[in-house]
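Summary of the model geometry
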Amino acid sequence: MRPSMPLSKATLAVAVGLGLTAAAFGAVPASAAPAPVAATASHTGYAGSSEEAKANQAFFDAVIRSVAEKRAAHPLAAAVTVVYDASGAPTFSAQIARSASIWNGAVSNVKLQSGSNADFTYREGNDSRGSYASTDGHGNGYVFLDYAQNQEYDSTRVTAHETGHVLGLPDHYEGPCSELMSGGGPGTSCTNPNPDANERAQVDQLWASGFAKALDKALSKSAAR
């Protein structure tokens, strides 16, 4: 979520931009992502890149595989649930809970739930790239929430944006404030934490057809053991 709302990490260490002169919210590959550093007062805007898009996709793939493999043991369960662990980001516990509530009320094919044996985790700290979603390439995904960016941008919007990556949405920094995935693009005055109708439809579609394919692979993998 660029402008002061860092990025998402996935499998390429890429910083995701979210605005013009602060930082953005995005996705970055874990294996290539450098260790967190002291955050600067502001971050340079970023328009996005193919590497960032790949990082976002890698993160989503890691989460959906984790969910599918656990679901394979109970293929007839009614709802698809993505479990998260927010213990690593205590400063943002309220924003994380609010973001989960927002998404749970916005979509019907997938639900976010706090619990153990999580499919992804939240972490907090200082990182000049801002906030982001990342995967280490081994099925372990996490959302990193940067202190500085969350002071400059609306913290619930930043968190809900990064959680959007968990559910499969890419960044769209050039979009209006009404689009959650426009991240920091609209500037620090944008405080909208809700996905628009198109984003909600995208998530429901991804967790219907996309998850079905992942579950089929997980079931085939289990049967082969």
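Please read these numbers as outputs of a predicted model, since none were measured by experiment. (Residues numbered from 1 in each chain as written. Predicted model: local features only at pLDDT ≥ 70, side-chain atom pairs only at ≥ 80, totals over all residues. Heavy atoms only, no water.)

1. Let's talk about helix α2 (residues 93–106)
With 14 residues, α2 extends 20 Å between its outermost C-alpha atoms, agreeing within 8% with the 20 Å of an ideal straight helix rising 1.5 Å per residue. All of the buried residues along α2 are Q95, I96, S99, A100, I102 and W103. Seen along its axis, α2 keeps its buried residues to an arc of 160 degrees; they face one direction. Away from its buried face by more than 90 degrees, α2 exposes A94 and G105. (Helix = DSSP H or I, 4+ residues; strand = E, 2+ residues; numbered from the N terminus. Expected span 1.5 Å × (residues − 1). Buried < 20%, exposed > 50% of the residue type's maximum accessible area, 1.4 Å probe, protein only. Arc of directions from axis to C-beta.)

2. Some remarks on the state of the cysteines
Tallied over the full model, the rule gives one disulfide. Here C177 pairs with C190 through a disulfide, and the sulfurs are 2.1 Å apart. The S-S bond linking C177 to C190 shows a torsion near 85 degrees; that makes this disulfide right-handed. With C177 in the loop between α4 (155–166) and α5 (197–224) and C190 in the loop between α4 and α5, this residue pair connects regions lying 13 residues apart in the sequence. Overall, C190 belongs to the buried group, its relative accessible area being 4%. (Disulfide = S-S within 2.5 Å.)

3. Some points on the nonpolar core
Judged by nonpolar contacts, the single largest core of 35 residues is most densely connected at V82, W103, F120, Y122 and W207. Among the elements of the structure, α1 (50–71), β3 (81–88), α2, β5 (120–125), β7 (141–146), α4 and α5 are those that each provide at least two residues to this core. Ranked by residues supplied to this core, first place goes to α1 with six residues. Beyond its immediate stretch of four places on either side in the chain, W103 contacts L112, A160, T163, G164, L167, L169, L180, P195 and V203. (Core = buried A, V, L, I, M, F, W, Y, C linked by side-chain atoms within 4.5 Å. Contact = heavy atoms within 4.5 Å.)

4. Overview of unusual backbone geometry
The phi dihedral of N117 falls on the positive side, at around 55 degrees, and the residue is not glycine. In this structure, N117 sits in the loop between β4 (111–114) and β5.

5. Digging into the UniProt feature "binding site: Zn(2+)" (unreviewed entry) in the protein
In the numbering used here, UniProt assigns the feature "binding site: Zn(2+)" (unreviewed entry) to H161, H165 and D171. One can find H161 in helix α4. Given the relative accessible area of 0%, H161 is considered buried. By the element assignment, D171 lies in the loop between α4 and α5. Exposure remark for D171: the relative accessible area of 15% places this residue in the buried category. A distance of 2.8 Å separates a polar atom in the side chain of D171 from a polar atom in the side chain of H161. (UniProt positions renumbered as here; feature names shortened; annotations may be inferred. Polar contact = N/O pair within 3.5 Å; in protein donor to acceptor, adjacent residues only side chain to side chain.)

6. Quick word on the environment of S182
Residue position: S182 is located in the loop between α4 and α5. When the C-alpha positions of S182 and P195 are compared, they lie 10.0 Å apart, and in sequence the two are 13 residues distant. A polar side-chain atom of S182 sits 2.8 Å from a polar atom in the side chain of R157.

7. Considering the packing of aromatic side chains
This structure, assessed with the given rule, holds six aromatic pairs. Measuring from ring centre to ring centre gives 5.0 Å for Y132 and F144, while their planes differ by 15 degrees; the resulting arrangement is stacked. Linking Y132 in strand β6 (residues 130–135) with F144 in strand β7, this pair joins segments that are twelve residues apart in sequence. An aromatic cluster of at least three residues, connected via ring pairs, comprises Y84, F120 and Y122. Sitting above the plane of the Y142 ring, R123 keeps its charged end 3.7 Å from the centroid. (Phe/Tyr/Trp six-rings, centres within 6.5 Å; stacked < 30°, edge-to-face > 60°. Lys NZ or Arg CZ within 6 Å of the ring centre and 35° of its normal.)

8. Observations regarding the UniProt feature "active site" (unreviewed entry) in the protein
With numbering aligned to this structure, UniProt lists the feature "active site" (unreviewed entry) at E162. Within the element layout of this structure, E162 appears in helix α4.

9. Here we look at the packing of α2 against α4
Direction vectors running N to C along α2 and α4 enclose 55 degrees, while the axes themselves pass 9 Å from each other. As judged from the angle between their axes, α2 and α4 are oblique. Every pair of crossing elements has a handedness; the one defined by α2 and α4 is right-handed. Mapping the contact onto sequence places Q95, I96, R98, S99, I102 and W103 in α2 and S155, T156, T159, A160, T163 and G164 in α4. (Axes fitted to C-alpha atoms, helices over the stretch in contact; angles between N-to-C directions. Parallel < 35°, antiparallel > 145°, perpendicular 65-115°, else oblique. Left-handed = near helix turned anticlockwise from the far one by under 90°.)

10. Here we look at the pairing of β4
Sheet topology places β3 next to β4; four bridges connect them, and they run parallel. Bridge pairing links V83 to Q113 in β4. For the segment spanning β3, α2 and β4, crossover handedness is right-handed. (Pairing = 2+ DSSP bridges. Right-handed = clockwise from strand over helix to strand, strands pointing away.)

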